[in-house]
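# Inside the fold
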Amino acid sequence: MHRFSDPAATPDDLRPCVVTLGNFDGVHRGHKAVLTQLVETGHELGLPAVAVTFDPHPLAVLHPERAPELISPGSLRDDLLETTGIDGLLVLAFTREFAQQSPEEFVKSTFVDGLGAKAVVVGVDTKFGYRNSGDVETLRELGAVHGFDVIALEDVGDGHRWSSSSVRQHLGEGDVAAAARTLGRPHRVVGTVVHGHHRGRELGYPTANLSSDSLGLVPAEGVYAGWLTRLGLEPGEPDRTMPAAISIGTNPTFDTEDRRTVEAYVLDRDDLDLYDERVMVEFVEHIRPTLRFESIDDLLVAMAKDVEQCRTVLTQIVHS
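Definitions and cut-offs
- Residues numbered from 1 in each chain as written.
- Predicted model: local features only at pLDDT ≥ 70, side-chain atom pairs only at ≥ 80, totals over all residues.
- Heavy atoms only, no water.
- Core = buried A, V, L, I, M, F, W, Y, C linked by side-chain atoms within 4.5 Å.
- Buried < 20%, exposed > 50% of the residue type's maximum accessible area, 1.4 Å probe, protein only.
- Helix = DSSP H or I, 4+ residues; strand = E, 2+ residues; numbered from the N terminus.
- Contact = heavy atoms within 4.5 Å.
- Salt bridge = Lys/Arg side-chain N within 4 Å of Asp/Glu carboxyl O.
- Pairing = 2+ DSSP bridges.
- Axes fitted to C-alpha atoms, helices over the stretch in contact; angles between N-to-C directions.
- Parallel < 35°, antiparallel > 145°, perpendicular 65-115°, else oblique.
- Left-handed = near helix turned anticlockwise from the far one by under 90°.
- Nonpolar A, V, L, I, M, F, W, Y, C, P; charged D, E, K, R; others polar.
- Phe/Tyr/Trp six-rings, centres within 6.5 Å; stacked < 30°, edge-to-face > 60°.
- Polar contact = N/O pair within 3.5 Å; in protein donor to acceptor, adjacent residues only side chain to side chain.

## Considering the nonpolar core
Counting residues in hydrophobic clusters, the biggest one holds 28 residues, and the most contacted among them are Val52, Phe106, Val107, Phe111, Leu115, Leu139 and Phe148. Going through the elements one at a time, strand 2 (17–21), strand 3 (49–55), strand 4 (88–93), helix 4 (103–114), strand 5 (117–123) and helix 5 (136–146) are the ones with two or more residues in this core. Residue contributions to this core peak at 4 residues, all from helix 4. Phenylalanine 106 has contacts with Leu21, Leu92, Phe98, Gln101, Phe111 and Phe128, leaving out every residue within four places of it along the chain.

## Here we look at the environment of arginine 66
One can find arginine 66 in the loop between helix 2 (58–62) and helix 3 (75–82). Taking the C-alpha atoms as reference points, arginine 66 and threonine 83, separated by 17 residues in sequence, lie 30 Å from one another.

## Examining the pattern of salt bridges
Opposite charge on two side chains lets them pair, provided their charged atoms get close. All told, the structure shown has 12 salt bridges when counted by the stated rule. The salt bridge partner of arginine 140 is glutamate 137, with a shortest N-O separation of 2.9 Å. Separated by 3 residues within a single helix, arginine 140 and glutamate 137 lie in helix 5, roughly one turn from each other. Owing to a relative accessible area of 45%, glutamate 137 belongs among the partly exposed residues under this scheme. One salt bridge in this structure joins aspartate 239 and arginine 269, with 3.0 Å as the shortest N-O distance. You can see aspartate 239 sitting in the loop between strand 9 (222–230) and strand 10 (241–249) and its partner arginine 269 sitting in the loop between strand 11 (261–266) and strand 12 (278–288), a full 30 residues away along the chain. Its relative accessible area of 22% is what places arginine 269 among the partly exposed residues. Where salt bridges share partners, they join Arg3, Arg77 and Asp78 into one cluster.

## What to know about the sheet that holds strand 8 (residues 208–210)
What links the strands of a sheet is backbone hydrogen bonding, and the strands pair in either a parallel or an antiparallel sense. Read around the closed barrel, the 6 strands follow the order 7-8-11-10-9-12; overall the barrel is antiparallel. On average, each strand axis in the sheet is tilted by 45° relative to the strand beside it, whichever way the strands run. Relative to strand 12, strand 9 runs antiparallel, the two being bridged by 8 bridges. Its bridge partner being in strand 12, leucine 228 is matched across the sheet by valine 281. Helix 9 (residues 296–318) rests against strand 9, strand 10, strand 11 and strand 12 of the sheet, and its axis sits at about 100° to strand 12.

## A look at the packing of helix 4 against helix 5
It is at 11 Å that the axes of helix 4 and helix 5 come closest, and there the two elements cross at 55°. Taken together, helix 4 and helix 5 sit at an angle that is classed as oblique. Of the two possible hands of crossing, helix 4 and helix 5 adopt the one that is right-handed. Touching Pro103, Glu104, Val107, Lys108, Phe111 and Val112 of helix 4 are Thr138, Leu139, Leu142 and His146, all from helix 5. Of the residues that constitute the contact of helix 4 with helix 5, the class distribution is 6 nonpolar, 2 polar and 2 charged.

## Comments concerning the pairing of strand 4
Burial within strand 4 is extensive, with 5 of its 6 residues counted as buried. Pairing between strand 1 (residues 2–4) and strand 4: 3 bridges, direction parallel. Bridge pairing in strand 4 places histidine 2 opposite glycine 88. Alignment of strand 3 against strand 4, held across 6 bridges, turns out to be parallel.

## Thoughts on the packing of aromatic side chains
The full count for this structure, using the stated rule, is 8 aromatic pairs. Considering the side-chain rings of phenylalanine 54 and phenylalanine 94, the 5.7 Å spacing of their centres and the 80° angle between planes classify their relative orientation as edge-to-face. With phenylalanine 54 in strand 3 and phenylalanine 94 in the loop between strand 4 and helix 4, this pair connects stretches of sequence that are 40 residues apart. Residue phenylalanine 54 is classed as buried on the basis of its relative accessible area of 12%. Look at phenylalanine 94 and you get buried, because its relative accessible area is 10%. Put simply, the rings of Phe54, Phe94, Phe98, Phe106, Phe111 and Phe128 pair up and form one aromatic cluster.

## Some points on the environment of arginine 29
Within the fold, arginine 29 resides in helix 1 (residues 29–45). By relative accessible area, arginine 29 is classed as partly exposed at 28%. Remark: the alpha-carbon pair of arginine 29 and serine 164, spanning 135 residues in sequence, is separated by 9.8 Å. Within the structure, arginine 29 has its side chain in polar contact with the backbone oxygen of arginine 181 (distance 2.8 Å).

## Side note on the sheet that holds strand 6 (residues 149–153)
In space, the 6 strands of this open sheet follow the order 1-4-3-2-5-6, with parallel pairing throughout. Lying at the two open borders of the sheet, with one neighbouring strand each, are strand 1 and strand 6. Along the sheet, successive strands turn relative to each other by an average axial angle of 25°, direction set aside. Looking at chain direction, strand 2 and strand 5 are connected through 3 bridges and run parallel. What sits directly across from valine 18, in strand 5, is alanine 119. Strands strand 1, strand 3 and strand 4 of the sheet are contacted by helix 3, whose axis makes an angle of about 155° with strand 4.

Written out as structure tokens, the structure reads:
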């Protein structure tokens, strides 16, 4: 996938093309339905498929007080988009000046002059241009003028509309299983393993602590079953993806003022040196909320129970 930021500098092998437009936060199943249709349309027409998105999120510029915390910001979103089979990703810098473009100005400069679009694939609720004044009908009118077809997909979902807002709500409630059903995969956070207080190692459960600049919306505090993947290793290499018990919280049992952290204990492993490695943590199921224990012994009993529950959950997935 070729990533670029200027429609005027579109690579020759990406134009003409078929195009879609969106924020794609989380790259959930609704997004994937549009992207799958985009790729299929490209194959039918013998053209590359290009997705157009923005950075930062438009609300972060226009209404910062309403801007959502992103499920999959920046490179995390781009990596997820690459897995959909698109050929190109145009990431437009969103500014207040950019937002002043009328729907026609945006379509002409980006879709027509920049990308040479022959077809545009979008969801029926797509809005674009100044104050979101453009919609699917606007696109069809502009397509008739500028020579591109428009394919609009109805909202899709299992009994409810798949949306980024619903994923944020589920993650905020700690319901990572529900979030995964909308995403079509476990939610992930990516970061570098850094040194913590080493309490886990002292207790017999050494954890990989993710850096504070990790990418991905952190779910509610609690203990989760999930996976830890070492991104520096190639798929199929030993010890690349391993079952883990993941804790999110501030370690209340120790009466400190720790920042909220994401830390993962790889089940039954105390021989791993993951410091400075880039890792991905994926959340499969909520095990319990964060609790304050009266003693270290009580904490150890709970941790042993957490590990067994995580092992049960993840073993069922492996053998399902």
